[in-house]
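# Breakdown of the fold
Chain residues, written in single-letter form:
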Amino acid sequence: MNDNILNLLLVEDNEGDANLILSFLEESNNIEFTVDWKRNICEFSIDGSDQSYDVILLDLSLPNFSGIEAFSMMHKNFPDIPIIVLTSVINEDEAIKTLQQGAQDVISKDHLTTFLLNRAIKHSIERKQMEQEIIRTQKLETIGILAGGIAHDFNNILTSILGNISLVKMEISPEDQPDVHEILGEAETASLRAKDLANQLLTFSKGGAPVKKLTNLFVLIHDSATFALRGSNVRCNLDVDPEMWEVNVDPNQIHQVLNNIIINADQAMPKGGEITIHVKNISTKRNYFPSNVSERAYIEISIQDDGIGITTENLSRIFDPYFTYGKVNGSGLGLTTSYSIIKRHEGYMWVDSELGVGTTVFILLPAHPKPFSPQLAKTSSHEGKKEKYKVLIMDDEIGVRTILAKMLRRLNYSVVETANGTESIAAYEDALSTSHPVDLLIMDLTIPGGMGGEKAINILHKKYPDIKAIVSSGYSNDPIMAEYAKFGFIGVLMKPFTIKNLKYTLANVLNLKVE
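Now for a look at the structure at hand.

What counts, and where the lines are drawn
- Residues numbered from 1 in each chain as written.
- Predicted model: local features only at pLDDT ≥ 70, side-chain atom pairs only at ≥ 80, totals over all residues.
- Heavy atoms only, no water.
- Helix = DSSP H or I, 4+ residues; strand = E, 2+ residues; numbered from the N terminus.
- Buried < 20%, exposed > 50% of the residue type's maximum accessible area, 1.4 Å probe, protein only.
- Areas by Shrake-Rupley, 256 points an atom, 1.4 Å probe, with all protein chains shown as cover.
- Pairing = 2+ DSSP bridges.
- Core = buried A, V, L, I, M, F, W, Y, C linked by side-chain atoms within 4.5 Å.
- Contact = heavy atoms within 4.5 Å.
- Axes fitted to C-alpha atoms, helices over the stretch in contact; angles between N-to-C directions.
- Left-handed = near helix turned anticlockwise from the far one by under 90°.
- Nonpolar A, V, L, I, M, F, W, Y, C, P; charged D, E, K, R; others polar.
- Patch = residues over 30% accessible without salt bridge, like charges linked within 9 Å, V, L, I, M, F, W, Y side chains within 5 Å.
- Salt bridge = Lys/Arg side-chain N within 4 Å of Asp/Glu carboxyl O.

When you go through the chain residue by residue, the secondary structure sums to 14 helices and 17 strands. Residues counted as buried form 47% of the 515 residues belonging to the chain. Accessible surface for the chain amounts to roughly 25700 Å². Of this, 51% is attributable to carbon and sulfur atoms.

Below, the structure is given as structure tokens:
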């Protein structure tokens, strides 16, 4: 379709009928069109090479073809173009077969009017677009399932890589071996970039309920900007309210949003420029907010560039899948994914832009109107406990199990290893009869062919209501990870993780002081 002008193909051997149909089209005030009239299928390419038509109007009584044969040939060679069948005599069986094979409508020429023809054309285009959207959605869902599986396996591998890197870093002093420590740091950074890619695949594949926690937005924004602009000739200026309020967000998902937006801004300024990020508390609705914004407290993040800008026409499509502005290298899903993430945080996201001047992306996140103050632990790591804490780990991946056990022992925990829920239940109950029962479980959510963490903790929790367990998974966007407390867990550990992530997670759930 060329803007609002429809390109119609009329296949009609009867000149009188053709002129009548053309006259009905000319009487229309609602449709602008061009018509290519052919007397027979043989008069134009039937190999599907000409796909420029928006709608085909097909006479069902053509020379040398039975009615259904003519339609079948046209539909086979032009499967993506809606076809409206016109016939002098309505044969009910033939009409049903034609519709079943894919015709958008069957109309009797004897009852044809301008209104009827206009409506049929309009509805045929709408129905075809809906059919194509359903097919496209199904394809995306299939890709999403594949992406989720790849990301899950990828995160398990990254857990082993990151864990080993972080263990080695703990053994090497940056003062004694600065070069080695720097190399390990670069390897860790590269692994974290791979983690971000896996998380993007997971968000694309499952939609991703956010796993929220109290987050320092300044640190998150600073780290995201530094990461996204590494090696760029674009400078970033941060303007952050020193009394910034608390926000409860999924830091991984918000990092993904910031990363997508900053990279887009960077690529909109190929010759260099400046990105300015303002972060401020908002207590009342402002006049530049979209009309659907609810009245409440927010943190407003605005990311402004002085790049090429976006046309008014493209601005309305900015969050459409595969739409990008500027010379953006990527999947085209970045802004679509970002918009979905902000919506899932009960926030708002919109874009203001002027061609040749620049673009500003606005984000509103619900906030608690009090300054951010992270909660500190109350007790020391060994206070009130003479022996080491015993942690039971459950994971079917031996690589993950091995590195997690090494990390726990390095943090001075006693470890019991199991591969599935059945083994975990038995090991937990066996330890109850000893002088040193299990203090905490770390349970993988998904065990192919075996009992996973969800079922195992449900069984254990019914028998031992005071049990403490953390859920861990490569599917970081699984709903259980977002609402772990509803399923009997007291914490969450998303793969991949470093020894630092592990240390702080355990300190939080066991109420320990981080030394």
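Before going further, it helps to examine the pairing of strand β12 (residues 358-371). Taken across its 14 residues, β12 has 10 buried, putting it largely inside the fold. Examined bridge by bridge, strand β8 (residues 245-249) and β12 share three bridges and lie antiparallel to one another. Bridging across to β12, Trp 245 finds its partner in Pro 371. The sheet contact formed by strand β10 (residues 298-305) and β12 spans eight bridges and is antiparallel. When the bridges of β12 are listed, Ile 303 appears paired with Val 361. Turn length for the strand β11 (residues 348-354)-β12 hairpin, with the two strands adjacent in sequence and antiparallel, is three residues, and the turn residue Gly 356 shows positive phi of about 85°.

Here the focus is the nonpolar core. Grouped together as the largest cluster of nonpolar side chains are 37 residues, with contacts concentrated most on Leu 217, Ile 254, Ile 262, Ile 275, Ile 277, Ile 299 and Ile 301. Counting residues per element, the ones that place at least two in this core are α6 (217-228), β8, α7 (251-267), β9 (273-282), β10, α9 (334-344), β11 and β12. Looking at this core, the element that brings in the most residues is α7, giving six residues. Those residues in contact with Leu 217, other than ones at most four positions away along the chain, are Met 244, Val 247, Ile 254, Ile 299, Ile 301 and Leu 365.

On to the packing of helix α10 (residues 398-410) against helix α14 (residues 499-509). When two helices pack together, their arrangement is given by the angle between the helix axes and the distance between those axes. Between α10 and α14, the least distance of the axes is 10 Å, while the angle of their chain directions is 65°. Once α10 is placed against α14, the crossing between them reads as right-handed. Contacts between α10 and α14 pair Leu 404, Met 407, Leu 408 and Arg 410 from the former with Ile 499, Leu 502 and Leu 506 from the latter. Here the contact of α10 with α14 is composed, by residue class, of six nonpolar, no polar and one charged.

The grouping of Phe 218, Val 219 and Leu 238 at the surface amounts to a nonpolar patch, some 230 Å² of accessible area in total. Mapped onto the elements, Phe 218 comes out in helix α6. Residue classification places Phe 218 among the partly exposed residues on the basis of a relative accessible area of 39%.

In this fold, Lys 406 is placed in helix α10. Residue classification places Lys 406 among the partly exposed residues on the basis of a relative accessible area of 44%. Residues Lys 406 and Leu 167, 239 residues apart in the sequence, show an inter-C-alpha distance of 8.4 Å.

Here the focus is the side chain of Glu 300. Position of Glu 300 relative to the elements: it lies in strand β10. Exposure remark for Glu 300: the relative accessible area of 2% places this residue in the buried category. Ignoring any residue separated from it by four or fewer positions in sequence, one finds Glu 300 in contact with His 278, Val 279, Lys 280, Ile 282, Tyr 288, Phe 289, Phe 362, Ile 363 and Leu 364.

A few words now on the sheet that holds strand β15 (residues 440-444). Strand order in the open sheet formed by five strands is β14-β13-β15-β16-β17, and the pairing between neighbours is parallel. Two strands close off the open sheet at either side, each with one partner strand: β14 (414-418) and β17 (491-494). Each strand of the sheet is rotated relative to its neighbour by a mean of 20°, with strand direction disregarded. Of the pairings in the sheet, the one linking strand β16 (residues 469-473) to β17 comprises four bridges and is parallel in character. By the bridge assignment for β17, Ser 472 is matched with Leu 493. The strands touched by helix α11 (residues 421-432) within the sheet are β13 (390-394), β14 and β15, with β13 carrying the most contacts at an inclination of about 165°.

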